[in-house]
Every structure is written in structure tokens, then in C-alpha cells.
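Chain by chain, the residues:
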Amino acid sequence: MTTAKAYAAPSATEPLEPTTIERRAVGENDVLIDIAYSGICHSDIHTVRGEWGKVPYPLAPGHEIVGTVAEVGSGVTKHKVGDRVGVGCMVNSCRECDNCKAGSEQYCTNGNVMTYGGKDRDGSITQGGYATNVVVDADFVLSVPESIPYEKAAPLLCAGVTTYSPLAHWQAGPGKKVAVVGMGGLGHMAVKIAVAMGAEVTVLSQTLSKQEDGLRFGAKHYYATSDEATFTELRNTFDLIINTVSANLDIDQYLNLLTLDGTMVYVGAPAQPIPVTAFTLFNNRRSFAGSTIGSIRETQEMLDFCAEHDIAPEVELIEATQINEAYERVLKSDVRYRFVIDATTF
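Since the model is a prediction, treat every value here as computed from it, not as a measurement. (Residues numbered from 1 in each chain as written. Predicted model: local features only at pLDDT ≥ 70, side-chain atom pairs only at ≥ 80, totals over all residues. Heavy atoms only, no water.)

A. Local environment of the nonpolar core. Core analysis: the biggest nonpolar cluster contains 82 residues, and I40, Y130, L167 and I323 have the highest contact counts within it. If one sorts the elements of this core by residue count, helix α5 (residues 185-197) sits on top with seven residues. When residues are assigned to domains, this core turns out to be shared by domain 1 (2-158 + 313-345) and domain 2 (160-290), each giving three or more. Those residues within four positions of L167 in sequence are excluded, and the remaining contacts are A172, V178, A190, I193, A194, M197, L240 and I242. Of all hydrophobic cores here, the second largest spans 15 residues; its members include F238, I241, M264 and Y266. (Core = buried A, V, L, I, M, F, W, Y, C linked by side-chain atoms within 4.5 Å. Buried < 20%, exposed > 50% of the residue type's maximum accessible area, 1.4 Å probe, protein only. Helix = DSSP H or I, 4+ residues; strand = E, 2+ residues; numbered from the N terminus. Domains from an automatic or database assignment. Contact = heavy atoms within 4.5 Å.)

B. Structural detail: the domain arrangement of the protein. Along its sequence, the protein is carved into domain 1 (2-158 + 313-345) and domain 2 (160-290). Centre-to-centre separation of domain 1 and domain 2, based on C-alpha positions: 28 Å. Every contact between the two is made by twelve residues of domain 1 and, on the other side, 17 residues of domain 2. Counting across the interface, domain 1 meets domain 2 through two salt bridges. Scanning the region where domain 1 abuts domain 2 turns up eleven residue pairs in polar contact (both at pLDDT 80 or more). (Salt bridge = Lys/Arg side-chain N within 4 Å of Asp/Glu carboxyl O. Polar contact = N/O pair within 3.5 Å; in protein donor to acceptor, adjacent residues only side chain to side chain.)

C. Expanded view of the UniProt feature "domain: Enoyl reductase (ER)" (unreviewed entry) in the protein. The feature "domain: Enoyl reductase (ER)" (unreviewed entry), as given by UniProt, occupies residues 11-341 in the numbering adopted here. Spanning residues 11-341, this segment combines 25% helix with 25% strand, and its end C-alpha atoms are found 21 Å apart. (UniProt positions renumbered as here; feature names shortened; annotations may be inferred.)

D. Inspection of the sheet that holds strand β14 (residues 258-266) at higher detail. Ordered in space as β12-β11-β10-β13-β14-β15, the six strands form an open sheet in which the pairing is parallel. The open sheet is flanked by β12 (221-224) and β15 (287-290), the only strands paired with a single partner. Put simply, the sheet's adjacent strands are angled 20° from each other on average, direction ignored. When strand β11 (residues 200-205) meets β12, the two strands line up parallel, connected through four bridges. Among the inter-strand pairings, T202 is bridged to a residue of β12, identified as H221. Contacts from helix α4 (residues 159-169) reach β10 (177-181), β13 (238-243) and β14, with the element oriented near 160° to β13. (Pairing = 2+ DSSP bridges. Axes fitted to C-alpha atoms, helices over the stretch in contact; angles between N-to-C directions.)

E. Region of the structure containing the pattern of salt bridges. One pass over the full model with this rule turns up 14 salt bridges. A salt bridge links D120 to R24, with the nearest nitrogen and oxygen atoms 2.7 Å apart. Here the residue D120 occupies a position in the loop between β7 (113-114) and β8 (133-137), and R24 occupies one in the loop between β2 (17-23) and β3 (30-39), the gap between them amounting to 96 residues. Each member of the pair D120 and R24 is classed as buried. Close ionic contact of R338 with E64 constitutes a salt bridge, the shortest N to O distance being 2.6 Å.

F. Highlighting the pairing of strand β17 (residues 338-342). When you tally the buried positions in β17, you get five out of five residues, the bulk of the element. Both faces of β17 are covered, namely the face carrying R338, V340 and D342 and the face carrying F339 and I341. With four bridges joining them, strand β16 (residues 315-318) and β17 adopt parallel strand pairing. Looking at the pairing, L317 lines up with V340 of β17.

G. Expanded view of unusual backbone geometry. Along the chain, Y57 connects to P58 via a cis peptide bond; the corresponding omega equals -5°. Cis peptide bonds are those with omega within 30 degrees of zero, and the linkage from R336 to Y337 qualifies with 0°. Relative to the assigned elements, Y337 resides in the loop between α11 (323-331) and β17. The residue R285 is not glycine, and still its phi comes out positive at about 55°. Considering the arrangement of structural elements, one finds R285 in the loop between α9 (278-282) and β15. The phi dihedral of I293 falls on the positive side, at around 30°, and the residue is not glycine. Structurally, the position occupied by I293 is in the loop between β15 and α10 (296-308). For I293, a relative accessible area of 10% translates into the label buried.

H. Region of the structure containing the pairing of β14. Relative to β14, β13 is paired through five bridges, and the arrangement is parallel. Pairing of I242 across the sheet is with V265, part of β14. Looking at chain direction, β14 and β15 are connected through four bridges and run parallel. Bridged to T263 within β15 is S287.

Laid out in C-alpha cells, this is it:
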């Protein structure tokens, strides 16, 4: 076993606090990573506050991790000491179900092992990246291209792949009109990636407060959803809508913006059920879908794509002592667009 300095939530109602956590010894196919930066994801907040189900406290969250390989197991050939690497939302899967065999381990039918709050192969509870180091199975470790700024790379491991996966699956590209709902941590990455894929991108945000940013990121159009005229003007327009917000929306309003055979994909995760009117789907043969993170193959593909197209998240670098303040600012949408923790401050 080894130890790591970390920040963890002692309960759903208490602030995160400094602590020490244990990591397993490096096994034959393991990689020990000295963490350099860890991103803050809205799902970290949902989880530690008990909004998505029972939580094994104390819990150190964090599933946007970049760092340097410090040690490798005897069977590891893909990574070596000194390599720049990353870890995303999952650290293992069953490897045996049809989905895993098909290379879609994010949809492991036996349940993949999440980076924090999951039950690991040795029966322990996984602890995340708000820490100085982590031990991960080599098959779930990504290579981070040198051209991606180190302090900006971490959010790609969640926000990047969570938006890249549906954009790639539903074939965003030249000739496609894509709408992105929300201009937060996920939304701004969806805009950048969809633009790089060649799609014509429109941002649908509650207000026009981030319009300048959206257009700078490559969007062609920017509309306020608080203006009812938006839903009249854009009716039957989009081939694909990526919804990145977790708030409850009038889904029928958005589905009516889809053209023939258009699809609306949810990557935001509202806590409450989402009501949809069947007749809205009947019109234009529309589809309503969901997507979660991405496979290890897709995540590496996304990192390489971002390196090739000079894509990186917009980040605000903070120290560990600012985590609780950052949580409150995320809830107020007071960040452009992702907080990243300097792991040297744990």
C-alpha cells in the first residue's frame, strides 16, 4: 500500500477537507501516477452531496486527472516512467460482457468501476483524483499528447470525451447543423469539438451573456432560450442537439427544433425524470437519446483529435484550499469554464 494527500467529503453536508488516503500496491498491470492537475466536474458535486444515490464516505472525488507515470507493474508495456498520462471516469470493467468486448466498456453490463466511489477489484472503494497520486490498471490509462497544455488537459478526460463521443457517434461534420444547449464546462467543449469536426454550430443558452465566447469558439449562431421567439425561428432546423445542462427543460420545445431524422442527445443529468410527448417524436421521425462519457478507445481518439486541432478547455487554476469555494461558484455558473486544481497544493 501507499498513501496520498487528498481532499475528501466526510458527509453529504460537510465541506471537503484535507486527509490522507490509501492506494493499493502497484500490481503487475498497474500504473502509479503522480497527479499534476485534477479537474472539478459538476458530477463531483452531485455525487459527494448525495444527489445521485448512496455514497461511501469519506470520499475523495475527481475523475479528470493528468499526471506523470511514477511506477509501472512488471506486465505494463504501453506506459513507462515519466510519461504524461491521464485518467477519466472509469478505472476498470468486467472485460467479459458483450459491450466490453465491443470496446464500449463505459456501457459495461456488469457495471464498470468508477474512478471514485466504486468497488474496486480488491473490494476496496475507489478514491478519486483530488489527491497527490493514484494507482490505476494500465488498460484504463490514457496518453496525453505533449501539445495539449498540461494545466488544461484534465477536463478533457470527462468534459471532452462526454461531448466528443455523441458528436462522433451521430456523425457531426460538414453539412450537419448542430445545436449545443448550455455554455458551461461541457457546452464550451461541445462547441469547440463540433466546430473542429466541420459542423455548423449554434449555441442555445438561457441568456446572451456568453455570446462573445461562443462565437469566438467557432459557433455561427447564438440564441437566448429565455426568448420565446428562438423556438419559433429555429423550428425544424437541427440535425443534432447536444444538451449539456442538468436543469429540467421543456423537452418538447427543443425536440421541435429537430429536422427530419434529427436527434437530441442528453449528456447533462437532471435528478428528476424527463417528460417527453410521444407525438413530438412522431413529427419528423425525431429521436431522443442519451450518452455517457466514452470508451477508452474514444477517449484516446478524442485526446489525439484535440491535439491535432489545437483544442483545449478554458480553465481557472485553483489551489486545494479553494475547492469548497469552487463548488459554490460552479453551482452559480460562476466559472469560465472549468476549475482545475494544482495537485502540488494538496
